[in-house]
Amino acid sequence: MAYRKAKDKKKTIKELSELDDDCTDIWKENWFDKYEKRSEDLVDISLAQFVSKYYKNNKEYVKRDQPRVMRYRNYDMATDINEYKREIKRKEFESNIDIERTLQICRELCREEVPDDNEEIRDVVGRLPDQKPFQELYNNPKCRDKG
């Protein structure tokens, strides 16, 4: 906890007023701090598992019924304005997506149509010329040259 970034959050005025006058602990705990202070029974889990699967209830950590999805990074508007704007736009875009419709479109695009082999053969046969195109004329007695 020795090094703090500018984007780390300070405690609220109410929280600060409850501290002793000589206390220097003005920062709110972030997930790294909470992870460092986790109990012994949570030692074998990763930071990602800890953040997504546990929450603090009073003084102890309780496992969530449904894990959280971690996907956003909070950029500082003062130092990373482009990344901040991009992230805001991405959040707006994702909130407008109809997930079910998107999945349906993906399924339709990925579905392979199995061609009918017989139809393909008939199509090829119809394009091939007869092997003996004049055989019909040769067999017709009216068309023979009497010479």
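An unreviewed UniProt entry lists the protein under the name Helitron_like_N domain-containing protein, from Trichonephila clavata.

(A) Molecular detail of the overall build of the protein. Along the backbone of the protein there are seven helices and two strands. Within the protein, buried positions represent 11% of all 147 residues. Taking as baseline every contact in the protein between residues at least 6 positions apart, the subset at least 24 positions apart corresponds to 13%. Put simply, the protein shows about 14,000 Å² of open surface, and 50% of that area lies on carbon and sulfur atoms.

(B) Spatial organisation of the pairing of strand S1 (residues 54-57). In this sheet, strand S2 (residues 60-63) lies alongside S1 in antiparallel orientation, the contact comprising four bridges. Across the sheet, the residue bridging to Tyr 54 is Lys 63, located in S2. What sits between S1 and S2 in their antiparallel hairpin is a turn of two residues, with Asn 58 showing a positive phi close to 60°.

(C) Looking closely at the pattern of salt bridges. A full pass over the atoms with the stated rule returns two salt bridges. One salt bridge in this structure joins Arg 86 and Glu 83, with 2.7 Å as the shortest N-O distance. Of this pair, Arg 86 and Glu 83 are both found in helix H4 (residues 81-95), three residues apart, which corresponds to roughly one turn of the helix. Judged by relative accessible area, Arg 86 falls into the partly exposed class, the value being 38%.

(D) View of the packing of aromatic side chains. Tallied over the full model, the rule gives four aromatic pairs. With a centroid separation of 5.8 Å and 80° between ring planes, the pair formed by Trp 31 and Phe 50 is classed as edge-to-face. With a gap of 19 residues between them, Trp 31 in helix H2 (residues 31-36) and Phe 50 in helix H3 (residues 47-53) connect regions that are remote in the sequence. Here Trp 31 falls in the partly exposed class, since its relative accessible area comes to 29%. The interplanar angle of 20° and the centroid separation of 6.2 Å between the aromatic rings of Phe 50 and Tyr 54 together place this pair among those described as stacked. Just as Phe 50 is buried, Tyr 54 falls in that class too. By way of ring pairs, the aromatic residues Trp 31, Tyr 35, Phe 50, Tyr 54 and Tyr 61 are connected into one cluster. Residue placement shows Lys 34 over the ring face of Trp 31; its charged tip is 4.7 Å from the ring centre. Over the face of the ring belonging to Tyr 35 we find Arg 38, whose NZ or CZ atom lies 3.7 Å from the ring centre.

(E) Inspection of the side chain of Arg 64 at higher detail. With respect to the helices and strands, Arg 64 occurs in the loop between S2 and H4. Buried and unpaired, Arg 64 has no salt bridge, with Asp 65 as the nearest side chain of opposite charge at 9.6 Å. There is a polar contact of 3.3 Å between the side chain of Arg 64 and the backbone oxygen of Ser 52. A distance of 3.2 Å separates a polar side-chain atom of Arg 64 from the backbone oxygen of Tyr 54. When residues no more than four places from it in sequence are discounted, the contact partners of Arg 64 are Trp 31, Val 51, Ser 52, Lys 53, Tyr 54 and Tyr 55.

Parameters and conventions
- Residues numbered from 1 in each chain as written.
- Predicted model: local features only at pLDDT ≥ 70, side-chain atom pairs only at ≥ 80, totals over all residues.
- Heavy atoms only, no water.
- Helix = DSSP H or I, 4+ residues; strand = E, 2+ residues; numbered from the N terminus.
- Buried < 20%, exposed > 50% of the residue type's maximum accessible area, 1.4 Å probe, protein only.
- Contact = heavy atoms within 4.5 Å.
- Areas by Shrake-Rupley, 256 points an atom, 1.4 Å probe, with all protein chains shown as cover.
- Pairing = 2+ DSSP bridges.
- Salt bridge = Lys/Arg side-chain N within 4 Å of Asp/Glu carboxyl O.
- Phe/Tyr/Trp six-rings, centres within 6.5 Å; stacked < 30°, edge-to-face > 60°.
- Lys NZ or Arg CZ within 6 Å of the ring centre and 35° of its normal.
- Lys, Arg positive; Asp, Glu negative; His and termini not counted.
- Polar contact = N/O pair within 3.5 Å; in protein donor to acceptor, adjacent residues only side chain to side chain.

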